[in-house]
Every structure is written in structure tokens, then in C-alpha cells.
Amino acid sequence: MAVAAKDVQSGTDYKFGFHDEEDYVFKSQRGLNEQIIRDISAHKKEPEWMTKFRLRAYKHFLNRPLPNWGGDVSDIDFDNIFYYIKPAAEQGKTWGDVPEYIKETFDKLGIPEAERKFLAGVSAQYESEVVYHSIREDLEKMGVVFTDMDTGLREHGDVVKKYFGTVIPPNDNKFASLNSAVWSGGSFVWVPAGVKVEVPLQAYFRINAENMGQFERTLIIAEPGSFVHYVEGCTAPIYSTDSLHSAVVELIALEGARIRYTTIQNWSNNVYNLVTKRALAYRDATVEWVDCNLGSKLTMKYPAVYLMEPGAHGEVLSVAMAGAGQHQDAGAKMVHVAPNTTSIITSKSIAKGGGRTTYRGLVKAYNGAHDVKSKVRCDALLMDDESQSDTYPYMDIEDEKVDVGHEATVSKVGEDQLFYLMSRGLTEAEATNMIVNGFIEPIAKELPMEYAVELNRLVQLEMSGSVG
Amino acid sequence: MSEPSLLIDNLHVTVEGREILRGVNLTVPRGETHALMGPNGSGKSTLAYTLMGHPKYKVTAGKVLWKGQSLLDLTPDQRAKSGLFLAFQYPVTVPGVSMVNFLRQSLRAVRGKEVAVRDFRKDLKSAMDVLKMDNQFVTRYLNDGFSGGEKKRAEMLQMAMLKPEMAILDETDSGLDIDALRIVSEGVNSLAGPELGVLIITHYQRILNYIKPQHVHVLYRGRVIVSGGPELVGRLENEGYDNIIKEFGPADDDAPQAAA
Ligand SMILES: Nc1ncnc2c1ncn2[C@@H]1O[C@H](COP(=O)(O)OP(=O)(O)OP(=O)(O)O)[C@@H](O)[C@H]1O
Ligand SMILES: [Mg+2]
């Protein structure tokens, strides 16, 4: 049933490039209008406020222009996208309820295996709907909610209503508006005060249908003094027509809480990955985005932390890799609203085979946000002369007592480095891998072990593509 | 004298279009230790890089035989696998790659097979003991933030692990303090044997007091102008290069092509 797809561009087997024949209960038509949005909301049996929220967002979407900076999004044909697909009549509650063909896909992604090892909970997004979801019992005992966003809305309506769309309002930008109008799936996480979740919560995401947009929506709330680490990993099959992935992720870290959000994504190189991620960090809270972007045709993503009260700390660690025909426009935003707040941005990008990486970052300190410290470091590595890297580090500092440091380097994989390693027996490809893996090591070491391994493996895969 | 292991014959090399080596002749028989001396800029490192296969150094004439085979067609990694080793005058930094990880991969590459973790640890430990290196040293990134002396020691650690048949040491002694020089020299001596050939590039007699060369060669403006016994080192130390150049150097330095 599952067919191994060939990567048409490179002619190599793309490991996750298989796709299942489509067998969907509900498939909306291409394109978008008000009726489709009402249908989606009705189909999900949503409360009225959400339907209204969606419709309001849709108006913003229509009114907002496309961004005229960053990457080229003019090729996206919004009328040619499926905005909602529901793969199975009901969400599986136990593994046995999950349809066989979906299980096969999960098998290929290694989910049950991973779960046996140390998954705290699995929320794998298949198409627009979360079909399988489980939470380890002790998590439940701690009172931690880890569920898909739709269930979150049904079962924790009050909390969702209080926070949903407050970090990223529906009129924030065109793609956030679109997501707000048609969102489906994603995760809802709520961690009670003082609870520290020691194992990472993980979700696998996957786009399957041709030309299908994926609009997941994630909301994480960490109550005072709590800790949670959320990990999302993405793989996508190869298709010949362009796909759009436009997620919205909202994080709220209340007093003394800490949230770490880790992403490793490897979209196939026809995907537009336009994601809005933002966090609010209150008194003495810490938010860390660890963001690894591989693949996609164009990624535009700038995880943000708003430092709302004294003592808040924000951190973004990102890796971006762009190959032929790819543009990674990624970065970070640190907005110091309150005094005595700190932030660190560390960005590493690799461009090869004519690929393009852009660091675009903003450090903002409002008037009155004194005694702010911010450190920005972005390093770019170019594998050849055709590849390109640009840096746009914007600073907007209204207060005088602010200490902002910025360091940027662009380096080419040097002949001397390669020669040194080759003189120790490594082939040129092995030496290149070693240099690249060393380059991203400061980020890789922040990842859970198997994700670090996965990242190195993916990078290696990408690199070998450039050699052949 | 045993059979020649490394034979350099009339080697001409250009860098960035400039001819640096202009007909080098040099032979290092198997198991022997030779010293290569010469003023700054005479081409010693150029010779070392060329032997290891640096892509910037273009051989325009001459040949190099290594264990009877032509060396010049091999890539640097093939040369390493064939038993050649170069200790760099200026070792290169590779951030993010730990020494231990690097040594392991390098050893696997050179041996052409996986090395058991236990054996690797054991070898590493004893090599580090000989070189009096601290344990935590190998967890640091390759040459990243190493002091000059630490870099040189790290080169010797690599040599000890890779166990080459022919080692070229490019000014391994410079930058070492007196104790380190002795320790590193003892390290080299502990590796020496009937199998290991060594070509020591140096400016000073000090290291040659520990590692005794059978032969000494003086390179001047891209040519070996004189080869002799260890007594040459003492003469250089006392007199400097001037007399030697006067005695053995080419009559006309600016007509390199004419001299043969
Ligand atoms: N990569 C290079 N690019 C340009 N010129 C070079 C390069 N390598 C060597 N040269 C030149 O070749 C000449 C010989 O340099 P080399 O490094 O071989 O000298 P050396 O004998 O090792 O000197 P030292 O004793 O100072 O180490 C010098 O004039 C040097 O500037
Ligand atoms: Mg030199």
C-alpha cells in the first residue's frame, strides 16, 4: 500500500519520501472561502467563539498584503490548496484504534519504537487531524495536559479561550491570519504550577496529501515554577507541486517557569515553511527555542521571546541549512519589554550548492527596559562559491542602560582545514562532514541524544547530496 | 644504508604561480632519521606540504617515490593511509570536533577498519602518559584555543596513535619549553624503530640533541645545497648560514633555471 517515492530532483531515495494512498473520510475542496471555514469549524463541533475567531482571522488574511521582504512567496497559489483534511472518522484513543495504513506510516517514522524508549507522550499529526495520541500515565498523574489542540479546545475550553491567540493575534501577519482561520491539529500542553516534566514531550508531524496546506496550532502554558521540554520533528514526502506549511506556536511561561521548545524539521524541498512562533516570558521565567531547519523550498521563521517582567530570560539556538534551490530565512526576535531581562541568540547556518541562508534578527528594548543584556552571535558557513549568506541584525534600543553584543562570522570551508583532516586519513567527504558537524555542535549538544544523532545524520545526507 | 623509503628527485613546486622548490633531491632510507634545516622562507614547509599533497602546492617537475611507488598521484588521505604523516608547523583549528572523536575517526580511516573502543582507550591513555598530557585534553575541540606548545603536543599525540612509517615533523620543536621539548622528543624516540623514518625540520640544535639524525640536509632557496652528517648541525649553530651558503650555495641566486 505504501509506495516508495523517488526524489525526482536528486534521483536518490528519500528515506521518508514514501506516501500512502489517500483514504480520507472528509476532504475539503481546493481554495478557501467563508463557507469552508464555517464547515471546518462545524465539522470539529467548535464553540461559537472559535468560529468567530476563525472568520475574523480570515478577513485579516484577505486584507493583509504578502510580505515584501524575506523570501519570495509570490509563487504560492492559495486557491490551489486543500485547507482541511480529516483522515479517519474518529481520533484513535488507543494504539488498536489507529487505522492500519496510518500505523504503517508511523512504523516507518519509528514512533512506536521511540515511544517504548522514553516517549512521555506521542501526538503525531497525520494530515490536519491528530489521529493517535497517548500520554504516559505518570504525566497524567502529575496533572500535565498533553493533547492535540482540537481536544484541548473541547476539554479545556476555558484555558484555551484565555490564552489562544493572545501571544500571536490573528492579525499579526498574513500567514498567522491564515493559520488562525483554518488551523487544525497541533498540540495543547498545560503544565501545572511547580511540576517539572523531566522527559521531553514529542510530536511528529507529517504532510501527506499533495498540495495540502498544513496549519497546525500549538499552545503551551507553563504555570509558575514549572518546566517542560517540547520536541517536534518533521519529515515530509516529496511531491512535485508546492506545499504550504504555516504553523502558529504560542508559548506562555509564567513566573519562574521554563519552557524549551525544540524543532528538527526536514521538509521536502518543495515546501513553503512559513511559521510564526512567539513566547511570553514573565517574571524570572525562561524560554528557549532550539530550532533546526533543514529542507523546504523557503523557510521564514523567527522565533520570538517577549520578556515581559524583570528576571525573564530568552534564548534562541538555531541551525539552518540550505542546498540548491533552497532559501532559509531564519532568525530570532527578542523583545525586552521589562528591565533586568536577558537574551541570547545563537544562529548557525550552512549554505551549499548555490543555497541561500539569511539571518534576520531583532533585538528590541523599550524605553524603561534598563539593565537589559542581550548577546547575538551568528555564524555562517559556506561550502562553495555559489552559495550565499546574508545577515540582517536589527537593533531597536530605546533605553540607554542596555548592553547589546553582536558578533557575526562568515567562513568558507577552508582548503587548509580540509587538507589538515585529509592528511589524517579522512576522505574529502568525511572531512567536510566533520567540519560541518563541528560547526553545528554547539546546537547539537543541546538536543536530546537521538535528535542530535538524527540531526547529524540529516546534515550528512544533505552534504552527500552535494558531492554526488 | 638500507633501501630508500622516500626518494625525492629533482622536485619543482610552485605556489600561487611562484616557483618555491627548484629541484630538490633528498633520500630518506627506511628507519632513518634525517634533519632538514634552512633559513626562513627557503621552502622547508613547502616541501612538507607537497609531500602530504596540499592542493595549493603544484608539482611542475620531478618525482617522489614512496616505498617504491609514485607518491604524487595520491590524495592526502591516501598518503596518510600509506603510512605518511606530517606534524604541522601551524596545526589547523577545527571547532566543535573533540580531539577524542577526531582521533577515533582518523584512526579508523588510516587502519581501514573499526577500532575497538577498549583498545583505543588503552592506546590513547598510554600515548598521553608518554607525552605527559592531561586527561581532559582530549575532550577539547581540535586545536581550538590550544597554546602553541599544546598544539605541538597534540600533533605528537596524533602521530603516536596513527603509527606512521614516515613522519615529517615541521618545526615541532618551536614553541615548546625546555621540559616539553624533552618530553616530546622522548615521545618521538619511543616510536622510533627500524620501521619508522623521520624527517625533522628545525632551526635549532636542541631537538637534535635528543633525536639524533643520521643525516642533515640544508635547504636554501628551494634546493638542498648540502647534505652531511650530524656535525653539520654544530657548524650551523656556531656560524649561522652565511658560511655554508658561501661554500655550497649557487653562484648566481637569480638564475635558478640555469643551475642543475
Ligand atoms: N600558500 C602560500 N601562498 C603564497 N606563498 C607561499 C605559500 N606557501 C609558501 N609560500 C612562500 O614560499 C616560500 C617558502 O615558504 P615555506 O613556508 O616553505 O618556508 P620555510 O622554509 O618553511 O620557512 P620557515 O622557516 O619560516 O618556516 C616563502 O616565500 C613563502 O612566502
Ligand atoms: Mg616552515
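Just so it is clear, the structure is predicted and the values come from calculations on it, not from any experiment. (Residues numbered from 1 in each chain as written. Chains lettered and ligands numbered in written order. Predicted model: local features only at pLDDT ≥ 70, side-chain atom pairs only at ≥ 80, totals over all residues. Heavy atoms only, no water.)

A. Region of interest: the overall build of chain B. The helix and strand tally for chain B stands at nine helices and twelve strands. Relative to the globule expectation of 18 Å for 260 residues, the C-alpha radius of gyration of chain B, 18 Å, shows essentially globular dimensions. Projected onto the principal axes, the alpha-carbon positions of chain B cover approximately 60 × 40 × 35 Å. Considering chain B as a whole, with its 260 residues, one finds that 53% of them fall into the buried category. (Helix = DSSP H or I, 4+ residues; strand = E, 2+ residues; numbered from the N terminus. Rg over C-alpha atoms; globule rule 2.2 N^0.38 Å. Buried < 20%, exposed > 50% of the residue type's maximum accessible area, 1.4 Å probe, protein only.)

B. Structural detail: the domain arrangement of chain A. Residue and element names in this part refer to chain A. Looking at the assigned domains, one finds that chain A contains domain 1 (2-301) and domain 2 (424-468). Taken together, the 15 residues of domain 1 in the interface contact twelve residues of domain 2. Between domain 1 and domain 2 the total buried area reaches about 1,200 Å² when both faces are included, carbon and sulfur atoms providing 71% of it. Across the domain 1-domain 2 interface, the total number found is one salt bridge. Note that Glu446 and Arg260 form a salt bridge whose closest N and O atoms lie 3.0 Å from each other. Connecting domain 1 to domain 2 are one residue pair in polar contact (both at pLDDT 80 or more). Elements supplying a minimum of two residues to the side of domain 1 that touches domain 2: strand E7 (201-206), strand E9 (227-235), strand E12 (258-267) and strand E14 (286-295). Here the side of domain 1 that touches domain 2 gets four residues from one element, more than from any other, and that element is E12. Here the side of domain 1 that touches domain 2 is built from residues that sort into nine nonpolar, four polar and two charged. (Domains from an automatic or database assignment. Contact = heavy atoms within 4.5 Å. Buried area = accessible area lost by both parts, 1.4 Å probe. Salt bridge = Lys/Arg side-chain N within 4 Å of Asp/Glu carboxyl O. Polar contact = N/O pair within 3.5 Å; in protein donor to acceptor, adjacent residues only side chain to side chain. Nonpolar A, V, L, I, M, F, W, Y, C, P; charged D, E, K, R; others polar.)

C. Spotlight on the coordination of the magnesium ion (ligand 2). Residue and element names in this part refer to chain B. Ser45 (OG) and Gln89 (OE1) make up the full set of protein donors to the magnesium ion (ligand 2), lying at 2.0 to 2.2 Å. A residue pair is termed long-range when its members are at least 10 positions apart, and Ser45 in helix H1 (residues 44-52) and Gln89 in the loop between strand E6 (84-87) and strand E7 (94-98) qualify at 44 residues. Residues Ser45 and Gln89 agree in their burial class; the two are buried. (Donors = N, O, S within 2.8 Å, 3.2 Å for Na, K, Ca; no water.)

D. Representation of the nonpolar core within the structure. Ranked by size, the top nonpolar core spans 118 residues in total, and within it Leu421(A) and Leu157(B) carry the most contacts. In terms of residues, this core owes the most to one element, helix H10 (residues 428-444) of chain A, which gives eight residues. Per-domain counts for this core show at least three residues from each of domain 1 (2-301) and domain 2 (424-468) of chain A. Excluding its chain neighbours within four sequence positions, the residues that come into contact with Leu421(A) are Leu426(A), Ala431(A), Met434(A), Ile435(A), Val94(B), Phe102(B) and Leu142(B). (Core = buried A, V, L, I, M, F, W, Y, C linked by side-chain atoms within 4.5 Å.)

E. Spotlight on the pairing of strand E21 (residues 372-382) of chain A. Residues and elements named next belong to chain A. Burial runs high along E21: eight of the eleven residues are buried. As paired strands, strand E19 (residues 342-351) and E21 are joined by ten bridges and run parallel to one another. Within the sheet, the bridge partner assigned to Ser349 lies in E21 and is Ala380. Here E21 pairs with strand E23 (residues 402-412) via eleven bridges, running parallel. Paired with Ala380 across the two strands is Val410, which belongs to E23. (Pairing = 2+ DSSP bridges.)

F. View of the pattern of salt bridges. Residue and element names in this part refer to chain A. All chains considered together, the criterion is met by 34 salt bridges over all chains. For Arg260, the salt bridge identified is with Glu288, shortest N-O distance 3.2 Å. Within this pair, whereas Arg260 is found in strand E12, its partner Glu288 is found in strand E14, the two being separated by 28 residues in sequence. Overall, the relative accessible area of 9% leaves Arg260 in the buried class. A salt bridge links Lys412 to Asp385; the shortest N-O distance between them is 2.9 Å. Here Asp385 lies in the loop between E21 and strand E22 (388-397) and Lys412 lies in strand E23, a separation of 27 residues in the sequence. Taken together, the salt bridges that share partners define one network made up of Glu232, Lys277, Asp291 and Lys301.

G. Geometry of the packing of helix H8 (residues 231-239) of chain B against helix H9 (residues 241-248) of chain B. Residue and element names in this part refer to chain B. As a packed pair, H8 and H9 sit with axes 7 Å apart at the nearest point and diverge in direction by 120 degrees. Judged by the inter-axis angle, H8 sits oblique to H9. Across the interface between the two elements, Leu232, Arg235, Leu236 and Glu239 from H8 touch Tyr241, Asn243, Ile244, Glu247 and Phe248 from H9. The class makeup of the residues in the contact of H8 with H9 is five nonpolar, one polar and three charged. (Axes fitted to C-alpha atoms, helices over the stretch in contact; angles between N-to-C directions. Parallel < 35°, antiparallel > 145°, perpendicular 65-115°, else oblique.)

H. Local environment of the packing of aromatic side chains. All names here are of chain A. On inspection of all chains with the given rule, the structure shows 17 aromatic pairs over all chains. Here Trp69 and Tyr302 contribute two aromatic rings whose centre-to-centre distance is 5.7 Å and whose plane-to-plane angle is 45 degrees, an arrangement assigned as tilted. With Trp69 in the loop between helix H2 (48-63) and strand E2 (85-86) and Tyr302 in the loop between strand E15 (298-301) and strand E16 (304-307), this residue pair connects regions lying 233 residues apart in the sequence. The class for Tyr302 is buried, based on a relative accessible area of 13%. Aromatic pair Phe164 and Trp183: ring centres 5.5 Å apart, planes at 45 degrees, arrangement tilted. Here the residue Phe164 occupies a position in the loop between helix H7 (157-163) and helix H8 (174-182), and Trp183 occupies one in the loop between H8 and strand E6 (187-191), the gap between them amounting to 19 residues. (Phe/Tyr/Trp six-rings, centres within 6.5 Å; stacked < 30°, edge-to-face > 60°.)

I. Fine view of H2(A). Residue and element names in this part refer to chain A. With 16 residues, H2 extends 23 Å from end C-alpha to end C-alpha; this agrees with the ideal 22 Å at 1.5 Å per step. Among the residues of H2, Met50, Thr51, Phe53, Arg54, Leu55, Ala57, Tyr58 and Phe61 are the ones counted as buried. Contacts made by the buried residues of H2 are with helix H1 (34-43), helix H6 (149-155), H8 and strand E8 (217-222). (Expected span 1.5 Å × (residues − 1).)

J. Expanded view of the site of ligand 1. Residue and element names in this part refer to chain B. The local shell around ligand 1 holds 17 residues, among which Lys44, Ser45, Thr46, Tyr57 and His203 are the closest. In isolation ligand 1 has 630 Å² of accessible area, and contact with the protein removes 71% of it. Mapped by element, the contributors of at least two residues to the shell around ligand 1 are strand E2 (18-29) and H1. Of the residues forming the shell around ligand 1, the biggest block, three residues, is contributed by H1. Residues that form the shell around ligand 1 fall into these classes: four nonpolar, eight polar and five charged. (Near = heavy atom within 4 Å. Areas by Shrake-Rupley, 256 points an atom, 1.4 Å probe, with all protein chains shown as cover.)

K. Quick peek at unusual backbone geometry. Residues and elements named next belong to chain B. Its identity as a non-glycine residue notwithstanding, Lys163 has a phi of 45 degrees, on the positive side. Position of Lys163 among the secondary structure elements: in the loop between helix H5 (148-162) and strand E9 (166-170). Backbone geometry places Glu171, a non-glycine residue, at a positive phi of 50 degrees. Position of Glu171 relative to the elements: it lies in the loop between E9 and helix H6 (178-191). You can call Glu171 buried: its relative accessible area is 8%.

L. Representation of the environment of Tyr163(A) within the structure. All names here are of chain A. Inspection of the secondary structure puts Tyr163 in helix H7. Considering only alpha carbons, one finds Tyr163 and Asn33, 130 residues apart in sequence, at a separation of 26 Å. Apart from the residues lying within four places of it in its own chain, the contact partners of Tyr163 are Leu219, Ile221, Glu250, Ile252 and Leu254.

M. Here's a closer look at the sheet that holds strand E11 (residues 215-220) of chain B. All names here are of chain B. The sheet built from six strands is open, its strands ordered E6-E9-E10-E3-E11-E12 with mixed pairing. Each edge of the sheet is formed by a strand with only one pairing partner; in this case those strands are E6 and strand E12 (223-228). Taking each pair of neighbouring strands and ignoring which way they run, the sheet shows an average axis angle of 20 degrees. When E9 meets strand E10 (residues 197-201), the two strands line up parallel, connected through five bridges. Looking at the pairing, Leu169 lines up with Ile200 of E10. Helix-sheet contacts for H1 involve strand E3 (33-37), E6, E9, E10 and E11, and the interaxial angle to E6 is about 145 degrees.

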